[in-house]
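Listed here are the chains, written in short residue letters.
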Amino acid sequence: MLALVRRVAGAPEGATWWRGLDLVAVARAADPVAPLPTLDEERGETRLAALVMTEAGHSQKVTEARLGKHARQISRWLDEQGGGCGA
């Protein structure tokens, strides 16, 4: 999952932090069976987790429930990213 987070974020291979984002926390948040970490909304970690979950094939309903965001917000993020395909 961390490799997918890096790819979506545009981070270099091996990075665990990138441009102020905790990539490990985002990877844990994007994994529905992992304990949910605290994400920093202001830095965009929740947004990145939503993009990663979409890229990983999770439904919008699962993403909403996992991240505590409404479908409308997640749809906006996906639209901004061109459907969630890479950053």
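Residues numbered from 1 in each chain as written. Predicted model: local features only at pLDDT ≥ 70, side-chain atom pairs only at ≥ 80, totals over all residues. Heavy atoms only, no water.

1. Focus on unusual backbone geometry
Then, in step 1: Look at Arg 19: it is not a glycine, yet its phi comes out positive at around 50 degrees.
Then, in step 2: Within the secondary structure, Arg 19 sits in the loop between strand S1 (17-18) and strand S2 (21-22). (Helix = DSSP H or I, 4+ residues; strand = E, 2+ residues; numbered from the N terminus.)

2. Here's the deal with the packing of helix H3 (residues 45-55) against helix H4 (residues 60-67)
Then, in step 1: At a closest axis distance of 10 Å, the pairing of H3 and H4 adopts a crossing angle of 150 degrees. Compared by their axis directions, H3 and H4 come out roughly antiparallel. Like other packed secondary-structure pairs, H3 and H4 cross with a definite hand, here right-handed. Facing H3, whose interface residues are Thr 46, Ala 49, Ala 50 and Met 53, H4 presents Val 62, Thr 63, Arg 66 and Leu 67.
Then, in step 2: For the contact of H3 with H4, the per-class residue count stands at five nonpolar, two polar and one charged. (Axes fitted to C-alpha atoms, helices over the stretch in contact; angles between N-to-C directions. Parallel < 35°, antiparallel > 145°, perpendicular 65-115°, else oblique. Left-handed = near helix turned anticlockwise from the far one by under 90°. Contact = heavy atoms within 4.5 Å. Nonpolar A, V, L, I, M, F, W, Y, C, P; charged D, E, K, R; others polar.)

3. Considering the pattern of salt bridges
Then, in step 1: This structure, assessed with the given rule, holds five salt bridges.
Then, in step 2: When the shortest N-O distance is used, the salt bridge between Glu 41 and Lys 69 registers 2.9 Å. Taken together, the positions of Glu 41 in the loop between helix H2 (23-30) and H3 and Lys 69 in the loop between H4 and helix H5 (71-80) put the pair 28 residues apart, joining distant regions of the chain.
Then, in step 3: Note on Glu 41: relative accessible area 44%, which makes it partly exposed.
Then, in step 4: In this structure, a network of salt bridges that share partners links the residues Asp 40, Arg 43 and Glu 45. (Salt bridge = Lys/Arg side-chain N within 4 Å of Asp/Glu carboxyl O. Buried < 20%, exposed > 50% of the residue type's maximum accessible area, 1.4 Å probe, protein only.)

4. Here we look at the nonpolar core
Then, in step 1: Membership of the largest hydrophobic core comes to 24 residues, with the highest contact counts inside it found for Val 5, Leu 23, Leu 39, Leu 48, Val 52 and Leu 67.
Then, in step 2: Of all elements in the fold, only helix H1 (2-9), H2, H3 and H5 reach the threshold of two or more residues within this core.
Then, in step 3: When near neighbours in sequence (up to four residues on either side) are disregarded, Leu 67 contacts Ala 29, Leu 39, Thr 46, Ala 49, Ala 50 and Met 53. (Core = buried A, V, L, I, M, F, W, Y, C linked by side-chain atoms within 4.5 Å.)

5. Looking at H5
Then, in step 1: Looking only at H5, the buried set comprises Ile 74, Trp 77 and Leu 78. Burial along H5 is one-sided: seen end-on, the buried residues are contained in an arc of 100 degrees. Exposed residues on H5 whose side chains face more than 90 degrees from its buried face are Arg 72, Asp 79 and Glu 80.
Then, in step 2: Downstream of H5 by one or two residues, Gly 82 has phi in the positive range, about 70 degrees. (Arc of directions from axis to C-beta.)

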